[in-house]
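Here is how the chains run, residue by residue.
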Amino acid sequence: MPFTAERLLLFGATGDLAQRMLLPSLCALDADGLLAPELRIVGTARSVMDDEEFRAFARAALDRHLPEDRRGALDRFLPRLSYQPLDATTLEGYADLATKLGTPQAGLAIFLSTAPSLFEPTIAGLQQAGLTGDRVRIGLEKPLGSDLASSCAINDAVGAAFSEDRIFRIDHYLGKETVQNLLALRFANILFEPIWNARHIDHVQITVAETVGLEGRVAFYDEAGALRDMVQNHMLQLLALVAMEPPTSFDATAVRDEKVKVLRALRPVRAEDVVTGQYRAGAIGGQAVPGYDEELARPSSTETFVALRAGVANWRWNGVPFYLRTGKRLPERVTEIVVQFRAIPYSIFGDRGAQAQPNRLVIGIQPEENIRLSLMAKQPGLDRDGIRLRTVPLDIAIPDAFTGTHRRIAYERLLLDLVEGDQTLFVRRDEVEAQWAWIDAIRAMWTDAQLAPRPYTAGSWGPSAAIALAERHGVSWHDE
Ligand code: BG6
């Protein structure tokens, strides 16, 4: 039964995500009048604080992380907040939490932004306190396990207390406006879909490059590495949105049904189709930065970069490589999808036709939100030696096309959907498990092949072997 929750319970309310994203998103939604007047937000974490102290904590976080022009509702927002300290690992304390939340029939949305090791004890505590009934839904922040087995264990534990239609697995990339725009681009235009297949597409590149390093997440990151931190979730979701068949409607079942088919059709990756790396000291934007092992203060075999050549085994995509690349301490922060079309089948321009470059569609997800289609055009002139061709970009800068609308934090959309109960932008159990199955096979292959990350200088585009990985197949990474 769809319902709009009147209570939102945030686990991990004093954590980094809450400060940087969750509280700012909620306050921004309030400023736009998108939170029901009766919505109350209860934070919980281990720290001992009372309501007033939590409000002061939240105010400080908002001062740091929410632009001033979006803090308009601060005086309405802060009184919505209250706080209940809790040691999530023991069952004591959940009864007090339930009392703090008040009437359960009001509808409760829970958001777990805690270490995955706390998921199971938290579910047990919620269950014991009667906080898992039909009018309760739960949002789970990544990482959802570290392999298929641990992910299944979490899914089983959550699934024992909540039905799948009340479980909201977050992949914050799906909350990004530009990621959703991929669906609009593909399925609200007639132009692309007829040529969106192996006949017309040579390859696809997906890059998620970051300039940041460990950012104080030493223990977590060194356990995870780039493949599990970025590819397993965000990059595979991007790939699924690019590759999926048209869903019959924009709803949770139809969209996720199509995504999971793609995820299940991912080809196993061969050892020669993957390169991993780890950054060494270098410079980014003129600033010297230490190497990964220096930040960690010990050597490690964790990859901070991964590039791979994937494929989707189905009629639409057979033979089309999907090159994926992500890393920390790369020269710039950029997330983009490049769809490289094939060359024209025949040139009417004779030799000069050789100048006709294949069309390319570049979808900029961040920081630039734009869509650029490269087209061939005739260079102005009298053409006495024949027509000259040149590539010209057809550029759609999304912020320019939609001036006056502000950029939303991905979590604004996701938190609102959690409160209102729309699962379209959340990841279903079968998707997560298909993602893990594919990632586990890659990791098993690494172990067999004894693959070790190659060093790369911070501020470069990763190990040179990553360039070779694409160039071996006549492909250059799009690094402009
Ligand atoms: C998170 C990863 O899921 O995504 C981080 O754990 C990464 O390592 C982050 O930095 C990137 O998100 P965004 O929205 O900044 O691209």
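Computed from a predicted model, the values in this text were never measured in an experiment. (Residues numbered from 1 in each chain as written. Predicted model: local features only at pLDDT ≥ 70, side-chain atom pairs only at ≥ 80, totals over all residues. Heavy atoms only, no water.)

Draft legend 1. Inspection of the overall build of the protein at higher detail. Secondary structure assignment for the protein yields 14 helices and 17 strands. Here the protein has a C-alpha radius of gyration of 24 Å; the compact-globule value for 480 residues is 23 Å, and the two agree. Each of the three principal axes of the protein carries a C-alpha extent, and together these read 85 × 50 × 45 Å. Considering the protein as a whole, with its 480 residues, one finds that 53% of them fall into the buried category. (Helix = DSSP H or I, 4+ residues; strand = E, 2+ residues; numbered from the N terminus. Rg over C-alpha atoms; globule rule 2.2 N^0.38 Å. Buried < 20%, exposed > 50% of the residue type's maximum accessible area, 1.4 Å probe, protein only.)

Draft legend 2. Broad picture of the sheet that holds strand β13 (residues 334-341). Sheet architecture is open: nine strands sit in the order β16-β15-β14-β13-β7-β12-β11-β8-β17, paired in mixed fashion. Pairing within the sheet leaves two strands with one partner each, and these edge strands are β16 (389-397) and β17 (454-457). Going from strand to strand, the sheet's axes swing by 20 degrees on average, the running direction of each strand aside. Here helix α8 (residues 218-243) sits on the sheet and contacts β7 (201-209), β11 (305-310), β12 (322-327) and β13; the angle it forms with β12, its principal contact strand, is near 145 degrees. In the packing of helix α13 (residues 429-449) onto the sheet, the strands contacted are β8 (274-280) and β11, and the crossing angle to β11 comes to about 110 degrees. (Pairing = 2+ DSSP bridges. Axes fitted to C-alpha atoms, helices over the stretch in contact; angles between N-to-C directions. Contact = heavy atoms within 4.5 Å.)

Draft legend 3. View of the packing of aromatic side chains. Taken as a whole, this structure holds 10 aromatic pairs when the rule is applied. Their ring planes at 15 degrees and their centres at 6.0 Å tell us that F54 and F57 sit as a pair that is stacked. Taken as a pair, F54 and F57 lie in helix α2 (residues 51-65) at a separation of three residues, close to a single helical turn. Overall, the relative accessible area of 0% leaves F54 in the buried class. Overall, the relative accessible area of 21% leaves F57 in the partly exposed class. Of the aromatic side chains, those joined through ring pairs into one cluster are Y221, Y279, Y292, F305 and Y456. Across from the ring centre of F3, 3.9 Å away, lies the NZ or CZ of R137, which sits over that ring. In this structure, K176 packs its charged tip against the face of Y173, placed 4.6 Å from the ring centre. (Phe/Tyr/Trp six-rings, centres within 6.5 Å; stacked < 30°, edge-to-face > 60°. Lys NZ or Arg CZ within 6 Å of the ring centre and 35° of its normal.)

Draft legend 4. Just the layout of surface pockets, in detail. Approximately 350 Å³ is the volume attributed to the second largest pocket. Element by element, the count of residues in the lining of the second largest pocket is highest for strand β15 (residues 370-378), at three residues. Taken together, the residues of the lining of the second largest pocket break down into 14 nonpolar, three polar and two charged. (1 Å grid on protein atoms, 1.4 Å probe; cavity = no way out; pocket = protein on both sides within 12 Å on 5 of 7 lines; lining within 4 Å. Points joined across faces, edges and corners; volume = space filled by probe spheres on them. Nonpolar A, V, L, I, M, F, W, Y, C, P; charged D, E, K, R; others polar.)

Draft legend 5. Summary view of a nonpolar patch on the surface. A contiguous nonpolar patch, built from Y346, I348 and F349 and spanning about 380 Å² of accessible area, is present on the exposed surface. Within the secondary structure layout, Y346 lies in the loop between β13 and β14 (360-366). Using a relative accessible area of 65% as the deciding quantity, one classes Y346 as exposed. (Patch = residues over 30% accessible without salt bridge, like charges linked within 9 Å, V, L, I, M, F, W, Y side chains within 5 Å. Areas by Shrake-Rupley, 256 points an atom, 1.4 Å probe, with all protein chains shown as cover. Salt bridge = Lys/Arg side-chain N within 4 Å of Asp/Glu carboxyl O.)

Draft legend 6. Quick peek at the site of the ligand. In the vicinity of the ligand, the contacting residues are K142, H172, Y173, K176, E210, R217, D229, M230, H234, K328, R333 and Q366. Y173 has a polar side-chain atom sitting 2.4 Å from an oxygen atom of the ligand. At 2.6 Å, a side-chain N or O of H234 approaches an oxygen atom of the ligand. Protein chains shield 83% of the accessible area of the ligand, which is 400 Å² for the free molecule. (Near = heavy atom within 4 Å. Polar contact = N/O pair within 3.5 Å; in protein donor to acceptor, adjacent residues only side chain to side chain.)

Draft legend 7. Summary view of the side chain of R80. Tracing the backbone shows R80 in the loop between α3 (74-77) and β3 (81-85). Residue contacts for R80: discarding those within four places in its chain leaves D30, L35, A36, P37, L39, R40 and I41.

Draft legend 8. Structural detail: the packing of helix α1 (residues 16-31) against helix α12 (residues 410-420). The interhelical angle for the contact between α1 and α12, taken along N-to-C directions, is 70 degrees, at an axis separation of 8 Å. Of the possible angle classes, the one that applies to α1 and α12 is roughly perpendicular. Our pair here, α1 against α12, has a crossing hand that is right-handed. Along the contact surface, α1 presents L17, M21, L22, S25, L26, A28 and L29, while α12 presents Y411, E412, L415 and L416. Residues that form the contact of α1 with α12 fall into these classes: nine nonpolar, one polar and one charged. (Parallel < 35°, antiparallel > 145°, perpendicular 65-115°, else oblique. Left-handed = near helix turned anticlockwise from the far one by under 90°.)

Draft legend 9. Region of the structure containing the sheet that holds strand β1 (residues 7-11). A sheet is described by the order of its strands in space; here six strands give the open sequence β3-β2-β1-β4-β5-β6, paired in parallel fashion. Looking at which strands have only one partner, the edges of the open sheet turn out to be β3 and β6 (167-169). Neighbour-to-neighbour, the strand axes of the sheet open up by a mean angle of 20 degrees, direction not taken into account. Of the pairings in the sheet, the one linking β1 to strand β4 (residues 108-112) comprises five bridges and is parallel in character. Paired with L9 across the bridge in β4 is I110.

Draft legend 10. Layout of the packing of α1 against α2. Between α1 and α2, the least distance of the axes is 9 Å, while the angle of their chain directions is 95 degrees. The angle between α1 and α2 places the two elements in the roughly perpendicular class. Across the interface between the two elements, Q19, R20, L23, P24 and C27 of α1 pack against F57, A58, A61, L62, R64 and H65 of α2. Of the residues assigned to the contact of α1 with α2, the class counts are seven nonpolar, two polar and two charged.

None of the figures reported here should be taken as evidence of function without further support.
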